[in-house]
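If you want the building blocks of each chain, they are given just below.
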Amino acid sequence: MTGNYQIDYIEFPSTDGLKTRRFFEEAFGWNSVSYGPTYHALEAAGIEAGIQGDSQETTVAPLPIVRTEDLEAAQRAVELSGGVVTRPAFNFPGGRRFHFREPGGSEMAVWIAIP
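Let me sum up the structure you'll find in this document. The structure presented is a predicted model; accordingly, all values stated were derived computationally and were not measured. Sequence order as written defines residue numbering, which begins from 1 separately in each chain. In keeping with the model being predicted, local features are shown solely for residues with a pLDDT of at least 70 and side-chain atom pairs are shown and tallied solely at 80 or more, while totals for entire chains, interfaces and linings include all residues. Note: side-chain values were computed over all heavy atoms of the structure, leaving out hydrogens and water.

Considering the sheet that holds strand β5 (residues 63–67)
Strands qualify as paired when DSSP identifies two bridges or more between them. Put simply, DSSP H or I for four residues or longer makes a helix, DSSP E for two residues or longer makes a strand, and each gets a number counted from the N terminus. Within the open sheet, the eight strands sit side by side as β2-β3-β4-β1-β5-β8-β7-β6. Their pairing is mixed. Sheet topology places β2 (31–34) and β6 (84–92) at the edges, where each strand pairs with a single neighbour. Mean inter-strand twist for the sheet, computed between neighbouring axes without regard to direction, equals 25 degrees. Here β5 runs beside strand β8 (residues 107–113); their pairing, made up of three bridges, is parallel. Bridge pairing in β8 links Ile-65 to Ala-109. Where helix α2 (residues 71–80) meets the sheet, its contacts fall on β6, β7 (95–101) and β8, and the angle it forms with β7 comes to roughly 0 degrees. Every axis corresponds to a line fitted to the C-alpha atoms, with the helix fit spanning only the stretch in contact, and the corresponding angles, defined between N-to-C directions, vary from 0 to 180 degrees. By definition, residues are in contact when any of their heavy atoms lie within 4.5 Å.

The following block contains the structure:
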């Protein structure tokens with residue numbers, strides 16, 4: 001297997017990103033950085049994390065995101081192992097990723113940093 005695969009990010013879906021951000025700040029003391037009106041990155045959460053408040057982008061459950069050094073190889077490995085791509089690769093600020101569902105039903109993503 002090529003690549004170094006590690007979960008290094010988790011994205012929380014939210015119907016109100018600002019309320020979710022405030023909750024995490026007040027309940028746990030985590031800081032946040034806003035990237036527009038619907039996306040907020042969390043800091044000091046123990047793992048890199050974000051809040052996705054865009055109803056067109058949210059998943060049903062929190063989205064674990066695996067980092068890789070070769071996105072195409074990761075997608076091949078996911079598909080060959082029985083995973084189903086649910087969202088083809090797309091660019092976002094700082095990287096590129098695709099979403100998939102593993103055979104047990106959990107939705108996940110794999111990403112690569114792009115400078």
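Next comes the rest of the description.
Things to note about the packing of aromatic side chains
A pair of aromatic rings is counted whenever rings of Phe, Tyr or Trp (Trp by its six-membered ring) have centres within 6.5 Å, and the orientation is called stacked for planes under 30 degrees apart, edge-to-face for over 60 and tilted otherwise. Across all of its chains, the model carries nine aromatic pairs by this definition. With 6.0 Å between their ring centres and 45 degrees between their planes, Phe-98 and Phe-100 make a pair best called tilted. For the pair Phe-98 and Phe-100, one class covers both residues: buried. Put simply, the rings of Phe-12, Phe-23, Phe-24, Phe-28 and Trp-30 pair up and form one aromatic cluster. Working rule: Lys NZ or Arg CZ, within 6 Å of ring centre, within 35 degrees of ring normal, means a charge sits over the ring. The ring centre of Phe-90 lies 3.7 Å from the NZ or CZ of Arg-87, which sits over that ring. A cation over an aromatic ring shows up here: Arg-97 above the ring of Phe-92, its NZ or CZ 5.6 Å from the ring centre. Burial classes follow relative accessibility: with a 1.4 Å probe on protein chains only, a residue under 20% of its type's maximum area counts as buried, one over 50% as exposed, and anything between as partly exposed.

Re helix α1 (residues 17–28)
Take the residue count of a helix, subtract one, and multiply by 1.5 Å to get its expected span. With twelve residues, α1 extends 16 Å between its outermost C-alpha atoms, agreeing within 8% with the 16 Å of an ideal straight helix rising 1.5 Å per residue. Where α1 is buried, its residues touch β1 (6–13), β2, β3 (39–43) and β4 (48–52).

Quick word on the environment of Val-33
Assignment of secondary structure puts Val-33 in strand β2. A residue is classified by how much of its surface remains accessible, and Val-33, at 28% relative accessible area, is partly exposed. Counting along the chain gives 53 residues from Val-33 to Thr-86, while the straight-line C-alpha distance between them is 28 Å.

Some points on α2
Residues Leu-71, Ala-73, Ala-74 and Val-78 constitute the buried set of α2. Axial view of α2: buried residues confined to an arc of 160 degrees, hence all on one face. Residues of α2 that are exposed and angled more than 90 degrees away from the buried face: Glu-72 and Leu-80. Against β6, β7 and β8 lie the buried residues of α2. Trailing α2 by a residue or two, Gly-82 shows a phi angle of about 100 degrees, which is positive. Each direction from the helix axis to a C-beta atom contributes to the arc, which is the arc of those directions.

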